[in-house]
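# Analysis of the macromolecular model
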Amino acid sequence: MVFASLVFLCIFLPINIILYFLTDSQTFRNWLLVVASMLFYAWGEPIWVVLLLFSSIVDYANGLWIERFRGTGWDKLAVVSTLVTNLGLLAIFKYNVFLYETVNAVTGLGLEVPAGFALPIGISFYSFQTLSYTIDVYRGEVPAQRSFLKFLMFVSLYFQLVAGPIVRYATIAEDIENRRTTRRDISQGILRFCIGLFKKVCIANIAATFVAQYMGTDKEPVDFNTLSFGEAWFGLAMYSVQIYFDFSGYSDMAIGLARMFGFNFLENFNYPYISRSATEFWRRWHISLGTFFRDYVYIPLGGNKRRQYLNLFIVWALTGLWHGASWNFVLWGLYFGILIFLEKLFLLRFLEKLPRFVSHVYLLIIAMLGWALFYFDQKNFGADYFAQLQHFLSILFGNVTAENGWWSPQLSLAIWENLNWLLLAFVLCTPVYPYLSRRWEVDLRNNSPTAYFVWVNALQLILLLFAITMLVGNTYNPFIYERF
């Protein structure tokens, strides 16, 4: 089940909200959220609930083991256990075929490649959550959770279970024990959810149709021999729009849902496309993943103090690999690792001296080229995915023939017919709306609380109706990060 579905919006969520607020009993609410989360996860793949429960049981026990044997040396066994369990599950269910194929390619052994498993949804997110919990308990940053019900609720909350953000236990430990939900929390949570739903359904899904048209999909490939230079760049720009609004919209919905039920999740995106460098971009994009690799990989390896650049490349190779079992993701991660390496050496000082517009253009170009590396993966484009990537990149860099050309009349028509939507997408990539909204909301709330209440509820209703209207009868509702 996904948030942007009629079943979730019209049945699952309303029933969950009504039942949750029937009583003030925290125990009942905890049980309700666990049961609802299990139903949410089991909607598409009931068998993998067992895997989720297994991961939760192991790391719950690891936390208690650490507290029982803290300082004796035996507590390290729990850290080993969580690393072996969580990374082992990822290796088995996500990377097993990739590992066999890589060994065969490097050694020529010709090992029989297993059929592989269907990737359990959300495994990359909840594995990192439980792993971070055990490590934080070992470091003494949080106490072990004594209640398995509360721990399972932390792991399985459906707000973030399928596609994040990666919520660390320390962030919501107080909410797990003593959460309270005010009417303002509910109102602001609904508004944030509706904004995220609008971004996903009305921006990302529309952008996805252009991406399929100009970059192709596994089911409907595009003949790049006839793809013009302008169409290639437009398709790539649309993919940049799609992946941002798709993932940030999902994060908005997760944060909004969490707030409705009394949990305070941290922000996961901060308008990354306004950045002026790759370094800044990755401080603003998928913040929860970036901080995870910083705190649990980069700093333990030595951070900036020892082998800084080696640590940097290790982190970015792993960041790429986390996104999928395909070499294009590793290449994508190393691509940003090299850019950040160059920025640390000299490029960042140079960019800071340039006019802001020039450095913004630099970031947009390198980010878009990075998304080209990200898009063509083995799972969705087959064994010749690198050949397709190379052909597409050659068009981006001016490999134009009489057959494809620089531009096409069809592209001009598509841009003209969707100009208002394109302008809206551009504006929503910037913090213009939040800035104006905050100033106007403060004045309105102070001068006329009733008018503010009416405005907030009207905005929620408008966004929700727009999204539901788009969903009705629309079977094309892809979600990019669900497969990670």
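The rules behind each value
- Residues numbered from 1 in each chain as written.
- Predicted model: local features only at pLDDT ≥ 70, side-chain atom pairs only at ≥ 80, totals over all residues.
- Heavy atoms only, no water.
- Axes fitted to C-alpha atoms, helices over the stretch in contact; angles between N-to-C directions.
- Helix = DSSP H or I, 4+ residues; strand = E, 2+ residues; numbered from the N terminus.
- Parallel < 35°, antiparallel > 145°, perpendicular 65-115°, else oblique.
- Left-handed = near helix turned anticlockwise from the far one by under 90°.
- Contact = heavy atoms within 4.5 Å.
- Nonpolar A, V, L, I, M, F, W, Y, C, P; charged D, E, K, R; others polar.
- Salt bridge = Lys/Arg side-chain N within 4 Å of Asp/Glu carboxyl O.
- Buried < 20%, exposed > 50% of the residue type's maximum accessible area, 1.4 Å probe, protein only.
- Phe/Tyr/Trp six-rings, centres within 6.5 Å; stacked < 30°, edge-to-face > 60°.
- Lys NZ or Arg CZ within 6 Å of the ring centre and 35° of its normal.

## Concerning the packing of helix H1 (residues 6-20) against helix H2 (residues 26-42)
Two quantities define a packed helix pair, namely the angle between the axes and the distance from one axis to the other. Packing of H1 against H2 leaves a shortest axis separation of 10 Å and a crossing angle of 165°. Comparing their axes, H2 and H1 come out roughly antiparallel. Considering the relative orientation of H1 and H2, their crossing is right-handed. Residues Phe 8, Phe 12, Asn 16, Leu 19 and Tyr 20 of H1 form the contact with H2, whose participating residues are Phe 28, Arg 29, Leu 32, Leu 33, Ala 36, Leu 39 and Phe 40. A per-class count over the contact of H1 with H2 returns ten nonpolar, one polar and one charged.

## With respect to the pattern of salt bridges
Pairing between side chains of opposite charge can happen when the charged atoms of each approach one another. Taken as a whole and judged by the stated rule, the model has 13 salt bridges. Of the charged contacts, one joins Arg 168 and Asp 295 as a salt bridge, the two residues approaching to 2.7 Å between their closest N and O atoms. A residue pair is termed long-range when its members are at least 10 positions apart, and Arg 168 in the loop between helix H7 (148-156) and helix H8 (169-178) and Asp 295 in helix H12 (residues 287-301) qualify at 127 residues. In this structure, Arg 168 and Asp 295 share a single accessibility class: buried. Several salt bridges converge on common partners, so that one network encompasses Arg 192, Lys 199, Asp 252 and Glu 267.

## What about the packing of aromatic side chains?
Applying the stated criterion across every chain yields a total of 67 aromatic pairs. Ring geometry for Phe 128 against Phe 292: centres 4.1 Å apart, planes inclined by 15°, an arrangement best described as stacked. Of this pair, Phe 128 sits in helix H6 (residues 123-139) while Phe 292 sits in helix H12, placing them 164 residues apart in sequence. With a relative accessible area of 3%, Phe 292 lands in the buried category. On the numbers, 5.9 Å between centres and 80° between planes, the contact of Phe 128 with Phe 293 is edge-to-face. Here the residue Phe 128 occupies a position in helix H6, and Phe 293 occupies one in helix H12, the gap between them amounting to 165 residues. Phe 293 matches Phe 128 in its accessibility class, with the two residues each being buried. Over the aromatic face of Phe 69 sits the side chain of Arg 68, whose NZ or CZ is 4.8 Å from the ring centroid. Looking at Lys 94, its charged tip hangs above the ring of Trp 322, at a distance of 5.3 Å from the centre.

Don't take any of this as a statement about function, it's just geometry.
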